[in-house]
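Overview (structure and organization)
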Amino acid sequence: MKRTIYCEEVRKIFHSTSVAFEALKGITLSVHENELLMLVGPSGAGKTTLLSIMAGILSPTEGSCTVLDEDIGALAEEEKTKFRGEHIGFVFQSFNLIPTLSALENVIVPLMIDGIPEKSAETRGLEMLDLLGLADRAHELPTAFSGGQLQRLSVIRGCIRKPKIVLCDEPTSFLDHENGVRVMELMKALQQQDQTTQVIVTHDPRIFSFADRIVEIDDGIIKKEETKNSVRSAGG
């Protein structure tokens, strides 16, 4: 099976004034093409740090992370930005929506950056807003939305360009069960339709059944892996 992401012996050490904290302690992990992989574990385990290294937002202290056959940590910052723009979609836990733009304008920003004609971008945006029940509020500003609705907007923006890879940090943390399932049904449909590889950091056991594989991280190391069959059994 082809690898989309390969992290090899990745260590990450954060330094403060007098203390060094080792967030990742030699993690080796493959993420396969068109796989939906979930990274789980307690707060502070290193999940988001690993996700950030996969994105090239952080560089490993030791080891390497190859993304689409490119050692992303070895790229110059300008090259990393270009690479992310071409290949990676993000769903941020903090939303990162632009407060002066409407919901529709926010979710189509990646398409506009790509030079997609405005009408085509708006059509795509409205279709995806409709899938998550937000089309009727397309022209409202983010301040009018609840945390859960903002999270859904963030999911749409991260997936709208049909990127090869989607990286998500807690995409259902602000959602009730019904809307969490709705978001994951969309993610799963996009995985299959657009042939995306998805890596999702989550604490939410309600969505584990959507994973092809779950990797548990604790104290900077991989503790356990579960494949699709065992995930379905555990998730009911």
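Source: prediction; values computed, not measured.

**Things to note about the side chain of Lys80**
Within the secondary structure, Lys80 is located in helix 2 (residues 77-87). For Lys80, a relative accessible area of 2% puts it in the buried group. A distance of 3.1 Å separates polar atoms of two side chains, one belonging to Lys80 and the other to Ser59.

**What to know about the confidence of the model for the protein**
Per-residue confidence for the protein gives a mean pLDDT of 90, with 97% of residues at or over 70. Here residues 232-236 is a poorly scored stretch, pLDDT under 50, and it has two contacts once near neighbours within four places are set aside; other chains count.

**Overview of the packing of aromatic side chains**
All chains considered together, the criterion is met by zero aromatic pairs. Above the plane of the ring of Tyr6 lies Arg3, whose end atom (NZ or CZ) is 3.8 Å from the centre. Residue placement shows Lys12 over the ring face of Phe14; its charged tip is 5.4 Å from the ring centre.

**Section: helix 2**
For an α-helix the count is 3.6 residues per turn, leaving residues at separations of three or four pointing the same way. The set of residues buried in helix 2 consists of Lys80, Phe83, Arg84 and His87. Around the axis of helix 2, the buried residues are gathered within 100° of arc, so they sit on the same side. Opposite the buried face of helix 2, at more than 90 degrees from it, the exposed residues are Glu78 and Lys82. Close packing links the buried residues of helix 2 with helix 1 (47-55), strand 4 (62-67), strand 5 (70-71), strand 6 (88-91) and strand 7 (165-169).

**Description of unusual backbone geometry**
We note that Asn34 has phi near 60°; this positive angle belongs to a residue other than glycine. Along the polypeptide, Asn34 turns up in the loop between strand 2 (20-32) and strand 3 (36-40).

**Looking at the pairing of strand 8 (residues 197-201)**
Burial within strand 8 is extensive, with five of its five residues counted as buried. Because side chains alternate across strand 8, one face comprises the buried residues Thr197, Val199 and Val201, and the other comprises Gln198 and Ile200, equally buried. Bridge count for strand 3 against strand 8 is four bridges, and the pairing is parallel. In the sheet register, Leu39 faces strand 8, and the bridge partner there is Val201. Following the chain from strand 7 across helix 6 (residues 177-194) to the adjacent parallel strand 8, one finds a crossover that is right-handed.

**Comments concerning the side chain of His87**
Turning to its location among the elements, His87 is positioned in helix 2. What makes His87 buried here is its relative accessible area of 16%.

**What to know about the layout of surface pockets**
In this structure, the largest pocket spans a volume of roughly 440 Å³. Lining the largest pocket we find 19 residues, and of these Ile88, Phe90, Pro110, Ile113 and Arg161 sit closest to its centre. When residues of the lining of the largest pocket are traced back to their parent elements, those giving at least two are helix 2, strand 6, helix 3 (103-113) and helix 5 (147-159). When residues in the lining of the largest pocket are grouped by element, the largest group, four residues, is from helix 3.

**Looking at the sheet that holds strand 5**
Strand order in the open sheet made by the four strands is 2-1-4-5, with antiparallel pairing throughout. Two strands in the sheet have a free side with no partner beyond their single neighbour: strand 2 and strand 5. Here strand 1 (residues 3-15) runs beside strand 4; their pairing, made up of five bridges, is antiparallel. Paired with Cys7 across the bridge in strand 4 is Cys65. Contacts from helix 1 reach strand 1, strand 2 and strand 4 within the one sheet, and its direction differs from that of strand 2 by about 60°.

**Some points on the packing of helix 4 (residues 118-131) against helix 6**
Direction vectors running N to C along helix 4 and helix 6 enclose 135°, while the axes themselves pass 10 Å from each other. In this view, helix 4 runs oblique relative to helix 6, as classed from their interaxial angle. Taken together, the residues of helix 6 that come into contact with helix 4 (itself represented by Arg124, Met128, Asp130 and Leu131) are Arg182, Leu186, Leu190 and Asp194. For the contact of helix 4 with helix 6, a count of residues per class yields four nonpolar, no polar and four charged.

Calculation rules
Residues numbered from 1 in each chain as written. Predicted model: local features only at pLDDT ≥ 70, side-chain atom pairs only at ≥ 80, totals over all residues. Heavy atoms only, no water. Helix = DSSP H or I, 4+ residues; strand = E, 2+ residues; numbered from the N terminus. Buried < 20%, exposed > 50% of the residue type's maximum accessible area, 1.4 Å probe, protein only. Polar contact = N/O pair within 3.5 Å; in protein donor to acceptor, adjacent residues only side chain to side chain. pLDDT = per-residue confidence, 0-100. Contact = heavy atoms within 4.5 Å. Phe/Tyr/Trp six-rings, centres within 6.5 Å; stacked < 30°, edge-to-face > 60°. Lys NZ or Arg CZ within 6 Å of the ring centre and 35° of its normal. Arc of directions from axis to C-beta. Pairing = 2+ DSSP bridges. Right-handed = clockwise from strand over helix to strand, strands pointing away. 1 Å grid on protein atoms, 1.4 Å probe; cavity = no way out; pocket = protein on both sides within 12 Å on 5 of 7 lines; lining within 4 Å. Points joined across faces, edges and corners; volume = space filled by probe spheres on them. Axes fitted to C-alpha atoms, helices over the stretch in contact; angles between N-to-C directions. Parallel < 35°, antiparallel > 145°, perpendicular 65-115°, else oblique. Nonpolar A, V, L, I, M, F, W, Y, C, P; charged D, E, K, R; others polar.

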